[in-house]
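Coordinate inspection notes
Letter by letter, the chains look like this.
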Amino acid sequence: MRTMASATLEALRRTRASVRGLAELLLERPGPYARAFDDLILALIVLSVASIGVEAIPELPAGAVRALRWGEIVIVAVFSLEYLLRIIAAKKKLAFIFSFPGLVDLLAIAPFYIGGFDARWLRALRLLRLLRVLKLQTHVLEDTVAQRTRELADKNALLEKAQAQLQEELAVARALQLAILPGTFPAKAGCDGAARMIPATTMGGDFYDFIELPQGQIGLVMADVSGKGVPAAFFMAVARTNLRDLAPQHTNPGACLAATNEALCAENPMDLFVTVFYAVLEPQTGMVRYANGGHNPPYLRRADGAVEALDGRGGPILGVLPGATFPTYTLQLRSGDRVVLYTDGVTEAFNPANEAYGEPRLVNEVRVHGGEAPAALVERICESVASFSGSAPQSDDITLTVLSWNAP
Amino acid sequence: MEMQLGDAGEGVLSVSLTGRLDTQGVDRIETKLTAHLVPIAARAIVDLSQLSFLGSGGIRMFITIARALNRRGGKLVLYGAPPIVAQVLDMTSVNDIVPVRADAETAAAAARG
């Protein structure tokens, strides 16, 4: 008894599952069956609406009337099956039955069940069957919406993929940009140097460089390309390369900047410019010559803590004015001196109250902590800027170099 | 960043800027200002007295517009820079590329001449 009952239950369950499976196959799953069923329903709707017109023709031959009747039976049978399947497939059955498409489907078949071919109902039947046009409309509408949704999903997937690829490429470009910057200061007796570049979120154009020159001098570069993004990053690479190439032949800093300026002016379709401070240090003697092209004047901290700006009047920003000249200045370092080079990302770091970090705070850091080793001073200044700006986003690259010199 | 466009008389246009000319500020006004001045090769003076900040983006914008105008026979002259702004203009020697004057009268004369 028990096994028979459970076997029956099992059979019923399987039947229910397979009916449900049939419903999903014909109605929901995208595929050839659903499409074919779709087309069948569409054809039957069109036929049934057309037959309303044909029936209205007076004095139809009996054969035609019979054919129309049989056609109607087939149509109602298929529509009824579809209606039942939709109810079975629907997650919320009552919601479907009382929904607009649900009611239309019901009205498309109900008159037949209520009145059959009874003459009294025939007229009402014919009029109500016009509602099948509504069924046609909702059908076409559902189809269109489904198609548009699919297209939209496809487009979104493509866009996301393209976006991900772009981000990846930008990340590589940013990594390359950072890799160009020298990690360590050249090993020379008496000299020590440290540098740090904290990029802003969008690619910027700050750079620093240490160039080993032919007669043992060291070239120190601190530069800032105008603007952001790919053009600035590109111009940064070009400017850095030009300067590096010309430095060995032009150990006079002013002449080096002039030559670099000419090279940049010659090829600058986007009117970008770069501010450059360039100094050449002789490690043996501590003599420094420097020139400035529109850049923030660096600070010199003497061993006794006095801080002064190397702000002799310089030349213009580089890249826009062919023929520009850059005066060269000379400075004699003494043991224990420090030179701090920076870009405006430091002094123009803003806090949430829209105040700028400013030169006075930087000078103070240099005065108070300048006695420490260059790497330690760099860290101090970066920390000071970071704690000043707090939660405000970093809008510009922050770049710093500190050089210390002791008589060998 | 707010921008007012006007007429300084005798064929010279006037531009007056208020606020911070940082990256966002430049984004807001660059296209409009370029479109206003460059196609007609205008002679224009720019009042900087209400600027609280001038970043390198602003410098680049002025240089680009000035050069475009120069190529077409127009002219751009800046004037009235407050101390912080004047400092930036000085440091970058913008005056060599875009003339900088003290006040509207000398600026207008420079734009005309």
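The following paragraphs examine the structure supplied in this document. (Residues numbered from 1 in each chain as written. Chains lettered and ligands numbered in written order. Predicted model: local features only at pLDDT ≥ 70, side-chain atom pairs only at ≥ 80, totals over all residues.)

On to the sheet that holds strand S5 (residues 100–101) of chain B. All names here are of chain B. Sheet architecture is open: five strands sit in the order S1-S2-S3-S4-S5, paired in mixed fashion. A strand with exactly one partner marks an edge of an open sheet, and here the two such strands are strand S1 (2–9) and S5. Here strand S2 (residues 12–21) pairs with strand S3 (residues 43–54) via nine bridges, running parallel. Within S3, the position partnered with Gly-19 by the bridge is Leu-51. Against the sheet, helix H2 (residues 56–72) makes contact with S2, S3 and strand S4 (75–79), and its axis sits at roughly 145° relative to S4, the strand it touches most. Across the sheet, helix H4 (residues 104–112) is in contact with S1, S2, S3, S4 and S5; its angle to S3 comes to roughly 140°. (Pairing = 2+ DSSP bridges. Helix = DSSP H or I, 4+ residues; strand = E, 2+ residues; numbered from the N terminus. Contact = placed C-beta atoms within 7 Å. Axes fitted to C-alpha atoms, helices over the stretch in contact; angles between N-to-C directions.)

In this section: the interface of chain A and chain B. Bring the parts together and some accessible area is lost; that lost area is often taken as the interface size. On the side of chain B, 13 residues touch chain A, which itself brings 17 residues to the contact. Considering only residue class, the side of chain A that touches chain B consists of seven nonpolar, seven polar and three charged. (Nonpolar A, V, L, I, M, F, W, Y, C, P; charged D, E, K, R; others polar.)

What follows concerns helix H9 (residues 253–266) of chain A. Since the α-helix packs 3.6 residues into each turn, any two residues three or four apart lie on the same face. Taking 1.5 Å per residue as the helical rise, H9 of chain A with its 14 residues ought to reach 20 Å, and the 20 Å between its terminal C-alpha atoms agrees with that figure. Where H9 of chain A is buried, its residues meet helix H8 (229–246), strand S4 (274–282) and strand S5 (287–293) of chain A. (Expected span 1.5 Å × (residues − 1).)

Before going further, it helps to spend a moment on the sheet that holds strand S9 (residues 337–342) of chain A. Sheets are built from strands paired through backbone hydrogen bonds, the pairs being either parallel or antiparallel. All names here are of chain A. Spatially, S1-S10-S9-S6-S7 is the arrangement adopted by the five strands of the open sheet, whose pairing is antiparallel. Among the strands making up the open sheet, the edge pair consists of strand S1 (191–198) and strand S7 (307–309). Strand-to-strand twist across the sheet, computed as the mean angle between neighbouring axes with direction ignored, equals 15°. Sheet topology note: the S1/strand S10 (residues 398–405) ladder contains eight bridges and is antiparallel. Residue pairing for S10: Ala-195 is matched across the bridge by Thr-401. Lying over the sheet, helix H11 (residues 358–369) contacts strand S6 (299–301), S7 and S9, oriented at roughly 25° with respect to S6. Helix H12 (residues 374–389) rests against S1, S9 and S10 of the sheet, and its axis sits at about 150° to S10.

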